[in-house]
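Observations on chain architecture
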Amino acid sequence: MQRFDLEAQGLRALNAALHALNGQTNETAWEVVNPKGSHSIAVGLDAPIELTVHGSTGYYCAGMNKQATIRVKGSAGPGLAENMMSGAVIVDGNASQYAGATGRGGLLVIKGDASSRCGVSMKGINIVVHGNIGHMSAFMAQSGNLVVLGDAGDALGDSLYEARLFVRGAVKSLGADCVEKEMRPEHLELLADLLKQGEAEHLAKPEEFKRYGSARNLYNFNIDNASAY
Amino acid sequence: MSDFPHTPPRFSATFTPAVNAEIRRAAASGIYDIRGGGTKRHLPHFDDLLFLGASISRYPLEGYREKCATDVWLGTRHAKKPIHLDIPVTIAGMSFGALSGPAKEALGRGASEAGTSTTTGDGGMTEEERGHSKTLVYQYLPSRYGMNPDDLRRADAIEVVVGQGAKPGGGGMLLGQKISDRVAMMRNLPKGIDQRSACRHPDWTGPDDLEIKIGELREITDWEKPIYVKIGGARPYYDTALAIKAGADVVVLDGMQGGTAATQDVFIEHVGMPILACIPQAVQALQDMGMHRKVQLIVSGGIRSGADVAKAMALGADAVAIGTAALIALGDNDPALEEEYQKLGSTAGAYDDWHEGRDPAGITTQDPELYKRFDPVLGGRRLKNYLKVMTLEAQTIARACGKNHLHNLEPEDLCALTMEAAAMARIPLAGTDWYPGKGGGM
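This one's a predicted model, so the numbers in the text were calculated from it and none came from an experiment.

A few words now on the overall build of chain B. Assigned secondary structure in chain B consists of 15 helices and 16 strands. For chain B, whose C-alpha radius of gyration is 22 Å, the value lies close to the compact-globule estimate of 22 Å for 442 residues. C-alpha atoms of chain B, sized along the principal axes, occupy 70 × 65 × 45 Å. Classification of the 442 residues of chain B by burial places 56% in the buried group. A fraction of 67% describes how many contacts in chain B between residues 6 or more apart in sequence connect residues 24 or more apart.

Right, dumping it as structure tokens:
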């Protein structure tokens, strides 16, 4: 186990050490102590390591992650796992705004609540939120899956493309071009898998969710839809 | 019928034939006009400034013998690996999607042969572009199409795009005709949709966040890459100051003459400021913060010749960027294609329906039949020639002003021809030592 004291050793040294690892490394277990809300912890990783942060993080923790599994034993600030490519990020607490923004792959699990704009412009990432999500979540979401065990705030899925949204609780309002869709067997199967991956299979059943997606009415300009733009 | 003469027909200066035609077009189609390029209105511009040249009080350098250096360093503030360019004329960001693959390749070839950089755009980095660009700036845009850490690391610099001159406050637009299979795949979008890029970044808001975002990009790239911040010409004093405060190595400032692949005409023509008015404000911000020449300033928007380059640099810029001019050098709007422009309802020199993807020059298209017409090797050579000519022109002027480096050009080398230009550029009206606002505030 590699133990890194962020307060004593500094952010640049942490990220440089993590970037120096390659796919063949046997230094696969890392822990970071004293994060104290620092920004940009463990960003740009590209190695199949397991890293645990003991405490809460600031902005952009695990940004652009590839391959690594990063656990945060606390809460995370804005832009958690932004533009993640692969790997997994699991947060025990809450996440601030833009969690999983533009993520292209991998799995993001938030065991508490996520704030506004969760999954904004998501491009293939899977996000599982055990609690609630805030307003404008999945705005312009392009692809991937967002699973919410709790409630969703205003304007869910505004102007979204092909991303799939699964919400178990109440949706305060749907954004432009976002509609409820039929839950078919393949979606239940997908949802069961996502709940399992998201360490939530004991918390909810696929049948309890509703599915939301794009009505695809805004994909091409049409003056009769002008009020939606 | 009276024998008195009739009042002759009189056209309105407000409801001109062009205005009326646009009203009829809007009434018939129900959609605003979308087009490419930059503003077409007349604006105070570099043409309204002149160089004074040397005389008795200053002596010139010999045009064909004495050295006048043109190189520029970019990113010296924080980056471990700043960029060194042979000439201060760079190629502005233009996307694969807006431009064809061969056109992007030609930009890379021409820029590399001339010793300068080229820039990606709102569509990610292509292999053609990376492979043919010695120095490539990777744009970090609100859409984040194709964004990935590997391309960040194989870029030579990163440009965080906050805005562009053609549409400060607006996002990108790429209509369905140009969303080919390859473009759709790179952007992770369904084929054939009208794609609208976001106008704001998805994961930061405001200057304090931007500072943290720049910190993240530096951490991901181990502090190696210069980080530029690109702004549209809206409030250049404050935007430049905030970009510097957020940690930018380079500020890229784009005036409203800067082009776009596609945006509403009303946006292009009515939002933003001319580059002439933007440069002095940005330079003032740099000077007020003690950062002039430490944070470099690249300006763009209507740069056409070595004279424009020299004037921008005399006003305090470290380098310039060209977009529209580079496309014309490649062959855009060439009168040799007049017959085909006519078929599209346009004419050479005025063609701006780049969003339709039917460019007969094969530059602003994703149609294989059209882009096959464009030879990237020849296009690259033409761009290189043009860049070399611009550099020689700028050197010619600089030597005449007695300068042994383009960076030594200064406001004192200039005079203004019009009151408007004098006020905007803060350059004395020709024959006077005065410009409007001198001694006053901003």
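Glancing now at the overall build of chain A. Along chain A, the regular secondary structure elements total three helices and eleven strands. Walking chain A from its N terminus toward its C terminus, one meets helices and strands in the order β-α-α-β-β-β-β-β-β-β-β-β-α-β. The C-alpha radius of gyration of chain A comes to 18 Å, within 12% of the 17 Å expected for a compact globule of 229 residues. Overall, chain A is about 60 × 40 × 30 Å in size when its C-alpha atoms are taken along their principal axes. Across chain A, the fraction of contacts at a sequence separation of at least 24, relative to all contacts at a separation of at least 6, is 25%.

This brings us to the pairing of strand β7 (residues 135-140) of chain B. Residue and element names in this part refer to chain B. Judged by how many residues are buried, β7 sits mostly within the fold: six of six residues are covered. Taking every second residue as pointing to the same face, both faces of β7 are buried, with Thr135, Val137 and Gln139 on one and Leu136, Tyr138 and Tyr140 on the other. Handedness of the crossover joining strand β6 (residues 117-119) and β7 through helix α3 (residues 127-132): right-handed. Of the strand pairs in this sheet, β7 and strand β8 (residues 157-161) are connected by four bridges, and their pairing is parallel. Pairing of Val137 across the sheet is with Ala157, part of β8. On the question of chirality, the crossover connecting β7 to the parallel β8 by way of helix α4 (residues 149-154) is right-handed.

All names here are of chain B. Among the nine residues in helix α10 (residues 306-314), eight count as buried, and that is most of the element. For α10, the set of buried residues is Gly306, Asp308, Val309, Ala310, Lys311, Ala312, Met313 and Ala314. Positive phi shows up at Gly316, right after α10, with a value of about 125°.

All names here are of chain B. Here eight strands make up an open sheet; going across it, the order is β5-β15-β14-β12-β11-β8-β7-β6 and the pairing parallel. Single-partner strands in this sheet number two, and they are β5 (89-91) and β6. Neighbour to neighbour, the strand axes of the sheet diverge by 30° on average, direction disregarded. Across five bridges, the pairing between strand β12 (residues 250-254) and strand β14 (residues 296-300) is parallel.

Residues and elements named next belong to chain A. Inspection of the secondary structure assignment puts Arg216 in the segment after β11 (210-214). The partly exposed category is assigned to Arg216, around which 14 C-beta atoms lie within 10 Å. Along the backbone, Arg216 and Glu162 are 54 residues apart, and their C-alpha atoms lie at a distance of 8.7 Å.

This part is about the packing of helix α7 (residues 236-245) of chain B against helix α9 (residues 275-288) of chain B. Residue and element names in this part refer to chain B. Running from N to C, α7 and α9 cross one another at 40°; their axes reach a closest spacing of 8 Å. Classified by the angle between their axes, α7 and α9 sit oblique to one another. In the packing of α7 onto α9, the handedness of the crossing is right-handed. Counting all contacts with α7, which are made through Pro236, Tyr237, Thr240, Ala241 and Ile244, the residues of α9 involved are Cys278, Gln281, Ala282, Gln284, Ala285 and Leu286. Taken together, the residues that form the contact of α7 with α9 break down as eight nonpolar, three polar and no charged.

The predicted model of chain B has a mean per-residue pLDDT of 95, with 99% of residues at 70 or higher. As scored by the predictor, the complex reaches a pTM of 0.96 and an ipTM of 0.96.

A few words on the environment of A:Ala68. Residue and element names in this part refer to chain A. Among the secondary structure elements, Ala68 is positioned in the loop between β3 (50-54) and β4 (69-72). Between the C-alpha atoms of Ala68 and Ala200, which are 132 residues apart in sequence, the distance is 21 Å. Those residues in contact with Ala68 that sit more than four places away from it in its chain are Leu45, Ala47, Pro48, Ile49, Leu51 and Gly87.

Residues and elements named next belong to chain B. It is the contact of α10 with helix α14 (residues 376-400), at a shortest axis distance of 7 Å, that shows an interaxial angle of 55°. Judged by the angle between their axes, α10 and α14 are oblique. As for the relative orientation of α10 and α14, their crossing is right-handed in sense. Where α10 abuts α14, its residues Gly306, Ala307, Val309 and Ala310 lie against Val389, Met390, Thr391, Leu392, Glu393, Ala394, Thr396, Ile397 and Ala398.

Conventions we followed
Residues numbered from 1 in each chain as written. Chains lettered and ligands numbered in written order. Predicted model: local features only at pLDDT ≥ 70, side-chain atom pairs only at ≥ 80, totals over all residues. Helix = DSSP H or I, 4+ residues; strand = E, 2+ residues; numbered from the N terminus. Rg over C-alpha atoms; globule rule 2.2 N^0.38 Å. Buried ≥ 20, exposed ≤ 12 C-beta atoms within 10 Å, placed from the backbone. Contact = placed C-beta atoms within 7 Å. Right-handed = clockwise from strand over helix to strand, strands pointing away. Pairing = 2+ DSSP bridges. Axes fitted to C-alpha atoms, helices over the stretch in contact; angles between N-to-C directions. Parallel < 35°, antiparallel > 145°, perpendicular 65-115°, else oblique. Left-handed = near helix turned anticlockwise from the far one by under 90°. Nonpolar A, V, L, I, M, F, W, Y, C, P; charged D, E, K, R; others polar. pLDDT = per-residue confidence, 0-100.

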